[in-house]
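Architecture at a glance
Here is how the chains run, residue by residue.
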Amino acid sequence: MSILPDVDDILDGHTHVDEVPALGWIDPPGKLVALLDEAGIRQAVVMTYTEYPGYNPQALDYLAQVVGRYPDRLIGFVRVHPWYQEEMPRIIDRALGELGMKGVKLHPVGTLDHPAGPSTLRVLELAAERNAPVLFHCGDEPMTTPLAIAEAARRVPEATVILGHMGGFFHVREAIEVAERLPNVVLETSAMPYPAAIREAVQRIGADRVIYGSDGPGCPPRLEIRKVIAAGLDTEAQRAVLGANMRRLLAAVRA
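Owing to the predicted nature of the structure, the values given are computational and were not obtained by experimental measurement. Counting of residues starts from 1 at the beginning of each chain's written sequence and follows it residue by residue. At least 70 in pLDDT is required for a residue's local features to be given in this predicted model, at least 80 for side-chain atom pairs to be given and counted, and no such filter applies to totals for whole chains, interfaces and linings, which use all residues. Derived side-chain values reflect all non-hydrogen atoms in the structure, with water molecules and hydrogen atoms excluded from consideration.

Examining the sheet that holds strand 5 (residues 74–79)
The following threshold applies: Any two strands are treated as partners once DSSP identifies two or more bridges connecting them. The secondary structure listing takes helices from DSSP runs of H or I that are at least 4 residues long and strands from runs of E that are at least 2 residues long, numbered from the N terminus.
In space, the eight strands of this open sheet follow the order 1-4-5-6-7-8-9-10, with parallel pairing throughout. Edge strands, defined here as strands with exactly one partner in the open sheet, are strand 1 (11–16) and strand 10 (210–211). Looking at chain direction, strand 9 (residues 185–188) and strand 10 are connected through two bridges and run parallel. Across the sheet, the residue bridging to Leu-187 is Val-210, located in strand 10.

What follows is the structure, given as structure tokens:
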């Protein structure tokens, strides 16, 4: 049961699984699903911590197996390394076509590839061909700030660009300003500590372009939902942020 009596269809837009002991990542899917159950979350978008194919050649198959174990609970986003340009069309085709995943994850710190560089822009173009959203880690580190990612969104306006963490601790206002300027930018709430910023984002860009995410299991999904509750949104906006918006994006993806 949801911790919100009037919202029973929560979709967590940003979670992780991975099991790579050499890199210190030990977050199996059972751990995540237990946290979703605790928070009353019906489904979650899930991605690995490691990039495919660069740092972990097994990452895509691992994610497909995880989603296959929990097909009614977990929705895959393939996390890619943009430098593998020759392979990238096949990677996107396999992930979004054959394996039924619904989006792409990019982490510029992990890949050392600028969001507005040609390699990342090509990933955005390939995702956009299938109407699949691209979720960026967007925080306070170099190459992950909202203004850095904004240039990518500006250059590929047909792509849906999600700013994961909506700017982190110190770039939240910048993230909202970017979303005001660029209609293909969506803000995601995980690991950003300001409920008032969620309310401000809804007021300035509309409830339909803000989505709930937890970044679980690192951040407890139940706690991240409480942050959305603390934003003081009306019932309709709360429903949109906590699930309806992400479901709309996922439903538009072409296999």
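So, the side chain of Glu-174
Put simply, the test is: Summary of the burial criterion: residues with accessible area below 20% of their type's maximum are buried, those above 50% are exposed, and those between are partly exposed, where the area comes from a 1.4 Å probe applied to protein chains only. Positive charges come from Lys and Arg alone, negative charges from Asp and Glu alone, with His and the N- and C-terminal ends not counted. Take a side-chain nitrogen of Lys or Arg and a carboxyl oxygen of Asp or Glu: if they are within 4 Å of each other, that pair is a salt bridge.
Tracing the chain through its elements places Glu-174 in helix 7 (residues 172–181). One buried charge, Glu-174, has no salt-bridge partner; the nearest side chain with opposite charge is Arg-181, at 8.3 Å.

Points about the nonpolar core
Note the following rule: Think of a nonpolar core as a cluster: buried Ala, Val, Leu, Ile, Met, Phe, Trp, Tyr and Cys residues, connected wherever their side-chain atoms sit within 4.5 Å. Note on contacts: a residue pair qualifies if any of its non-hydrogen atoms lie within 4.5 Å across the two residues.
Ranked by internal contacts, the top residues of the largest apolar core, which has 72 residues, are Leu-74, Val-104, Leu-124, Leu-163, Met-166 and Leu-187. Discounting chain neighbours no more than four positions away, the residues touching Leu-163 are Phe-136, Cys-138, Pro-146, Ile-149, Ala-175, Val-178, Val-185, Val-186, Leu-187 and Glu-188. Counting residues in hydrophobic clusters, the runner-up holds 12 residues, among them Met-47, Leu-135, Ile-162 and Val-186.

With respect to the packing of aromatic side chains
Put simply, the test is: Stacked, edge-to-face and tilted labels apply to pairs of Phe, Tyr and Trp rings (six-membered ring for Trp) whose centres lie within 6.5 Å, assigned for plane angles under 30 degrees, over 60, and everything in between, in that order.
Throughout the structure, instances matching the rule amount to two aromatic pairs. For the pair Trp-25 and Tyr-49, a centre-to-centre distance of 4.0 Å together with 15° between the ring planes defines the contact as stacked. Pair noted here: Trp-25 is in strand 3 (residues 25–27) and Tyr-49 is in the loop between strand 4 (43–47) and helix 2 (59–69), with a separation of 24 residues, a long-range link. Centre to centre, the rings of Phe-169 and Phe-170 are 6.2 Å apart; their planes meet at 50°, and the pair counts as tilted. Under the relative-accessibility criterion, Phe-169 is labelled partly exposed at 45%.

Overview of the confidence of the model for the protein chain
Selection rule: Residue-level confidence of the predictor is summarised by pLDDT, bounded by 0 at the bottom and 100 at the top.
Per-residue pLDDT for the protein chain has a mean of 96; in total, 97% of the residues score no lower than 70. Mean pLDDT across the secondary structure elements of the protein chain bottoms out at strand 3, with 90, and peaks at strand 9, with 99.

A look at the packing of helix 7 against helix 8 (residues 195–205)
As a reminder, the rule being used: Where helices are involved, their axes are fitted lines through C-alpha atoms of the stretch in contact, as for all axes, and angles between N-to-C directions lie from 0 to 180°. In what follows, roughly perpendicular refers to angles from 65 to 115 degrees, roughly parallel to angles under 35, roughly antiparallel to angles over 145, and oblique to any angle outside these ranges. Crossing handedness is defined as follows: a turn of the near helix away from the far one that is anticlockwise and smaller than a right angle gives a left-handed crossing, while the clockwise case is right-handed. Three classes are used, and their members are as follows: Ala, Val, Leu, Ile, Met, Phe, Trp, Tyr, Cys and Pro are nonpolar, Asp, Glu, Lys and Arg are charged, and the others, Gly among them, are polar.
The interhelical angle for the contact between helix 7 and helix 8, taken along N-to-C directions, is 15°, at an axis separation of 10 Å. In this view, helix 7 runs roughly parallel relative to helix 8, as classed from their interaxial angle. Of the two elements, helix 7 crosses helix 8, and the hand of that crossing is right-handed. Contact residues: Val-172, Arg-173, Ile-176, Glu-177, Ala-179 and Glu-180 in helix 7; Ala-197, Glu-200, Ala-201, Arg-204 and Ile-205 in helix 8. Here the residues of the contact of helix 7 with helix 8 are counted per class, giving six nonpolar, no polar and five charged.

Some remarks on the environment of Ile-211
Tracing the backbone shows Ile-211 in strand 10. Residue class for Ile-211 comes out buried when judged on its relative accessible area of 0%. Residues Ile-211 and Arg-239, 28 residues apart in the sequence, show an inter-C-alpha distance of 9.9 Å. Once residues lying within four places of it in the same chain are set aside, the contact partners of Ile-211 are Ile-162, Val-186, Leu-187, Glu-188, Thr-189, Val-241, Asn-245 and Met-246.

Let's talk about the state of the cysteines
This is how it is decided: What counts as a disulfide here is a pair of cysteine sulfur atoms lying within 2.5 Å.
Considering all chains together, one arrives at zero disulfides under this definition. Not engaged in a disulfide, the cysteine Cys-138 finds its nearest cysteine sulfur in Cys-219; these two sulfurs lie 15 Å apart. For Cys-219, a relative accessible area of 19% translates into the label buried.

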